[in-house]
Amino acid sequence: MILQHHNQRDIILLITHSSDYFTIDRVAQAVLKRGAQPFRLDTDKFPIEVQLKAHLSKFGNTHTLKYGDNSITSQQVKGVWMRRIWHPQFSKLAPQFEAACVRESIATLQGFWDSLKHARWVDDLQRINAVENKLYQLRIAQEVGLTIPETIVTNAPEQAQKFFHKLKGKMVAKLLTPLSYSMESLYEFLYTSLVKEEDLLDAEALRYCPMVFQEQIPKQRELRVIYVNGKLFVGALDASKYEKITVDWRRVNPNTCVWEPHELPAEISLRLNSFMARVGLTFGAFDFIQTPSGEYVFLEINPVGEWGMLERDLNYAISDAIAEALVSTTSSTNSKIGYFANV
């Protein structure tokens, strides 16, 4: 849908999927307020409902994206928000053809991303991919002075068992990287889980898939810290309300999670600035534990993490901060222009 058309506009491309809502709409509205034109790309709709054409010749290169009744060229795009990438969805293809079609579709999208290297990205895909590795995160966190849990990553069952006994059974497990950008059904595997001794009795599967094991940190609060271009938005949860149910607040009934505003100590804020400068990201969703003694312990950063609950419950202007980062290098206009959306 186009609310109003304007011939001279800066396009801000919003990369997401068709099931996304709230955060994508809030950022689109904030982009509009700043005089730029948001264009929503639902990556799971490519190639069935989205068409891409790359034209390369001695006269130059042009990529054209068409979604519904709306189209843009790569040259028009001044900013890109990398919210989510989902794999193509094929419902009528024979299995022997689907893998090849997915592979070629992903390669075509990657070519389109490459054509946008002139634009302001929040954030660069190569940097996002690098930061998603938890070993890398933990090393950078240590180097900037953040406290981290004692951690091992191993594919040796005996090493996991030895670490478990060293920690007197207070150990959690997680994956080193996200399994996928794409399938919501895989999210279950991303949760942090408490390890029981019986889990390690048959740990031969580790030989096929190394895992992260960490000491279990005592909690007073769990924090989600959203960093956007130097601004911090902090939400806190009272861990006593769910710690007997799970070690990961993402598995709790949303009604149990009551977000409260929280202010970080100045030295932690400075270290987060140093962290983000080191990894070269504009946006990040940090997870921390505040222990009963008041210590702040870094758990991880998700470079495309969720923040909608903080804006909704605490009235934080996160979408405005993201929009500002996207349009800060674009020219501003006073014209009201519509939001390209296909839902």
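Parameters at a glance
- Residues numbered from 1 in each chain as written.
- Predicted model: local features only at pLDDT ≥ 70, side-chain atom pairs only at ≥ 80, totals over all residues.
- Heavy atoms only, no water.
- Pairing = 2+ DSSP bridges.
- Helix = DSSP H or I, 4+ residues; strand = E, 2+ residues; numbered from the N terminus.
- Axes fitted to C-alpha atoms, helices over the stretch in contact; angles between N-to-C directions.
- 1 Å grid on protein atoms, 1.4 Å probe; cavity = no way out; pocket = protein on both sides within 12 Å on 5 of 7 lines; lining within 4 Å.
- Points joined across faces, edges and corners; volume = space filled by probe spheres on them.
- Nonpolar A, V, L, I, M, F, W, Y, C, P; charged D, E, K, R; others polar.
- Buried < 20%, exposed > 50% of the residue type's maximum accessible area, 1.4 Å probe, protein only.
- Right-handed = clockwise from strand over helix to strand, strands pointing away.
- Phe/Tyr/Trp six-rings, centres within 6.5 Å; stacked < 30°, edge-to-face > 60°.
- Parallel < 35°, antiparallel > 145°, perpendicular 65-115°, else oblique.
- Left-handed = near helix turned anticlockwise from the far one by under 90°.
- Contact = heavy atoms within 4.5 Å.

## Let's talk about the sheet that holds strand β6 (residues 77-82)
In step 1: Reading across the sheet, the four strands line up as β2-β1-β6-β7 and stay open at both edges, with parallel pairing between neighbours. Each edge of the sheet is formed by a strand with only one pairing partner; in this case those strands are β2 (37-42) and β7 (120-122). When strand polarity is set aside, the average angle formed by the axes of neighbouring strands in this sheet is 20 degrees.

## What to know about empty space enclosed by the protein
In step 1: Summed over the entire model, instances satisfying the criterion amount to three cavities of 30 Å³ or more.
In step 2: Approximately 70 Å³ is the volume found for the second largest cavity.
In step 3: Lining the second largest cavity we find Trp 81, Met 82, Arg 83, Arg 84, Val 122, Asp 123, Ile 128, Phe 283, Pro 303, Val 304, Gly 305 and Trp 307.
In step 4: Split into classes, the residues belonging to the lining of the second largest cavity amount to eight nonpolar, one polar and three charged.

## Considering the side chain of Asp 20
In step 1: Following the sequence through the fold, Asp 20 ends up in the loop between β1 (11-16) and α1 (23-33).
In step 2: According to the relative accessible area criterion, Asp 20 is buried, its value standing at 7%.

## Some remarks on the pairing of β6
In step 1: The buried count for β6 comes to five of six residues, which makes it a mostly enclosed element.
In step 2: When β1 meets β6, the two strands line up parallel, connected through five bridges. Looking at β6, one finds that Ile 15 is bridged to Met 82.
In step 3: Note that β6 and β7 share three bridges and pair parallel. Bridging from a neighbouring strand, Val 80 pairs with Trp 121 of β7.
In step 4: Crossover handedness for the path β6 to helix α2 (residues 95-115) to β7: right-handed.

## A closer look at the packing of aromatic side chains
In step 1: Under the counting rule described, the total for this entry stands at nine aromatic pairs.
In step 2: Consider the rings of Trp 81 and Trp 307, whose centres lie 6.4 Å apart with planes at 45 degrees: the pair is tilted. Separated by 226 residues along the polypeptide, Trp 81 in strand β6 and Trp 307 in the loop between β16 (296-302) and α7 (308-314) bring together distant segments of the chain. One exposure class covers both Trp 81 and Trp 307, and it is buried.
In step 3: Considering the side-chain rings of Phe 288 and Phe 298, the 5.9 Å spacing of their centres and the 85 degrees angle between planes classify their relative orientation as edge-to-face. Highlighted residues: Phe 288 in strand β15 (residues 283-290) and Phe 298 in strand β16, separated in sequence by ten residues.

## Looking at the packing of α1 against helix α8 (residues 318-327)
In step 1: Running from amino to carboxyl end, α1 crosses α8 at an angle of 50 degrees, the nearest separation of the two axes being 8 Å. When the axis of α1 is compared with that of α8, the two are oblique. Relative to α8, the crossing made by α1 is right-handed. Contacts between α1 and α8 involve Arg 26, Val 27, Ala 30, Val 31 and Lys 33 from the first element and Ser 319, Asp 320, Ile 322, Ala 323, Leu 326 and Val 327 from the second.
In step 2: Per-class residue counts for the contact of α1 with α8 are seven nonpolar, one polar and three charged.

## As for the environment of Gln 216
In step 1: Counting through the fold element by element, Gln 216 comes out in the loop between β11 (211-215) and β12 (221-228).
In step 2: For Gln 216, a relative accessible area of 27% gives the class partly exposed.
In step 3: Sequence separation of Gln 216 and Leu 167 is 49 residues, and the distance between their C-alpha atoms is 8.4 Å.

## Regarding the sheet that holds strand β10 (residues 193-194)
In step 1: Spatially, β8-β11-β9-β10 is the arrangement adopted by the four strands of the open sheet, whose pairing is antiparallel. Each having just a single partner strand, β8 (151-154) and β10 make up the two edges of the open sheet.
In step 2: Looking at chain direction, β8 and β11 are connected through four bridges and run antiparallel. Directly across from Ile 152, in β11, lies its bridge partner Phe 213.
In step 3: Contacting β8, β9 (171-174) and β11, helix α5 (residues 157-166) runs over the sheet at an angle of about 165 degrees to β8.

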